[in-house]
Amino acid sequence: MNFDQLVERLESVFDEAVVSGTDDELFACGYLRGHFDLVVAQLEMSGETEPDKVMPALREAVYKTRHELSPADQAHINSVLDKLALKATSGGAA
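Residues numbered from 1 in each chain as written. Predicted model: local features only at pLDDT ≥ 70, side-chain atom pairs only at ≥ 80, totals over all residues. Heavy atoms only, no water.

Asks: Could you clarify how one ought to interpret the pattern of salt bridges in this entry?
Replies: A side chain with one charge can pair with a side chain of the opposite charge if their charged atoms come near. Summed over the entire model, instances satisfying the criterion amount to six salt bridges. E16 is the salt-bridge partner of K87, the closest N and O atoms lying 3.9 Å from each other. Of this pair, K87 sits in helix 4 (residues 71–90) while E16 sits in helix 1 (residues 3–20), placing them 71 residues apart in sequence. Across the pair E25 and K83 runs a salt bridge whose closest N-O atoms are separated by 3.0 Å. With E25 in helix 2 (residues 23–46) and K83 in helix 4, this residue pair connects regions lying 58 residues apart in the sequence. Owing to a relative accessible area of 29%, K83 belongs among the partly exposed residues under this scheme. The network of salt bridges with common partners includes E11, R33 and D37. (Salt bridge = Lys/Arg side-chain N within 4 Å of Asp/Glu carboxyl O. Helix = DSSP H or I, 4+ residues; strand = E, 2+ residues; numbered from the N terminus. Buried < 20%, exposed > 50% of the residue type's maximum accessible area, 1.4 Å probe, protein only.)

Shape descriptors only; they carry no functional weight alone.
Written as structure tokens, this is what we have:
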């Protein structure tokens, strides 16, 4: 799977949350989508479009802003991060 295919696959997690997510999942996906879009753009601009760079960069971006979130919000965001990681590594349904 190449970089663009991975990005598309991970975007589907956000799209699914809009259709069938709980309020907490919608919040977490909305928060993560901003980070995700920024990380993808930064990787593209730097020419680092290896698929294995996406999830570590996303986790680092979220880690740097953890002070913005309550512990409960962090838990919801970590849950969605885990879904994204599963989708990135296995391609399975998240």
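Okay, back to it.
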